[in-house]
Amino acid sequence: MRKKIIAGNWKMNFGPVSTSDYFHELLPMISSNPQIKDKINGGEISIELYVPSISLFTAMQSLSNSDVLIKIGAQNISDKLEGAYTGEISVNMLSEISIKASIIGHSERRHIYKETNSEINKKIITAMSSNLDVIFCIGETLEERNSGTTIDIISEQITTGLANVNIDNNFKDLNLIIAYEPVWAIGTGLTASSADAQQICQKIRELISDKYGEIIAHNIHILYGGSVKSNNTKDLLSQADIDGLLIGGASLKPDIFFSIIENSL
């Protein structure tokens, strides 16, 4: 059985001070609940937070003496390892503070900053070659959904995004996760029904099976993201092909994020 993954994406929120305050509130909630803490520390569920680059070091420091295992990741990386690329964050920089994961291809990077499938592919290759875990985001816009091209869009995103990636090793090691985030449901309050989300996540697994084989398709974790809240957590996670959640705004309040963790068990 694939373990559950509950991942929060803070987006452009929380500097170092706010980050410290966040963990000061969240960690006691988890520590005081032995059942939840044991499931997290025992590997039954993975709790992950993807924070702004300026707050990564503070997040790691906040967890340094904690009795709760939480994975901290970056929200984006450069496809370059170093050089004259002002403002970019490299995997080499991340490794210096023991950051071992990043989101790549989030819809906001695609649609606001115009990142293409090919550019995203370069970042994934750079991450994988540096042993950085990846949450690879895919999803369609409302216009694409209404035109009936959802499957074509996500198929192209997967095919181009994972071109020349060493799939056999990376999928078996579970350090490549796919997150289905319909763009029309991100930050809008709209959420795909659990049945609709399952239908697309099942299709993603079928696409992976067609390209890379049934074993890899069975092992890959597929997350759903898009206006996830505590009251829809159980329904979403009850679906056969949804292995976890990528949470935006609801991850910004420790009590709400904790309630999502509670409802995922």
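Relevant structure appears above.
Residues numbered from 1 in each chain as written. Predicted model: local features only at pLDDT ≥ 70, side-chain atom pairs only at ≥ 80, totals over all residues. Heavy atoms only, no water.

Overview of unusual backbone geometry
Excluding glycine, residues mostly have negative phi values, and the peptide bonds linking residues are mostly trans. Backbone geometry at lysine 11 places phi at a positive 55°, although glycine is not the residue there. One non-glycine residue, serine 227, lies in the positive phi region at around 55°. One can find serine 227 in the loop between strand S7 (222-225) and helix H12 (233-237). With relative accessibility at 14%, the residue serine 227 sits in the buried group. (Helix = DSSP H or I, 4+ residues; strand = E, 2+ residues; numbered from the N terminus. Buried < 20%, exposed > 50% of the residue type's maximum accessible area, 1.4 Å probe, protein only.)

Let's talk about the environment of glutamate 88
Among the structural elements, glutamate 88 can be located in the loop between strand S3 (71-73) and helix H4 (91-96). It is 9.1 Å that separates the C-alpha atoms of glutamate 88 and asparagine 76, two residues lying 12 residues apart in sequence. Residues in contact with glutamate 88, not counting those within four places in the same chain, are Ser78 and Met93. (Contact = heavy atoms within 4.5 Å.)

Let's talk about the sheet that holds strand S4 (residues 101-104)
On the basis of which strands lie adjacent, the open sheet formed by eight strands has the order S3-S2-S1-S8-S7-S6-S5-S4 and parallel pairing. Both edges of this open sheet fall to S3 and S4, since each of them pairs with a single strand only. Sheet twist, expressed as the mean angle between neighbouring strand axes with direction ignored, is 25°. Sitting on the sheet, helix H6 (residues 117-129) touches S4, strand S5 (133-138) and strand S6 (176-180), and the angle it makes with S5 is about 160°. (Pairing = 2+ DSSP bridges. Axes fitted to C-alpha atoms, helices over the stretch in contact; angles between N-to-C directions.)

Observations concerning the packing of helix H8 (residues 150-161) against helix H10 (residues 194-212)
For any two helices packed against each other, one specifies the inter-axial angle together with the distance between the axes. Running from N to C, H8 and H10 cross one another at 45°; their axes reach a closest spacing of 11 Å. With respect to each other, H8 and H10 are oriented oblique. For H8 against H10, the interelement crossing comes out right-handed. Between H8, through Thr150, Ile151, Ile154, Ser155, Ile158 and Thr159, and H10, the contact on the second element is made entirely by Ile200, Lys203, Ile204, Leu207, Ile208 and Lys211. (Parallel < 35°, antiparallel > 145°, perpendicular 65-115°, else oblique. Left-handed = near helix turned anticlockwise from the far one by under 90°.)

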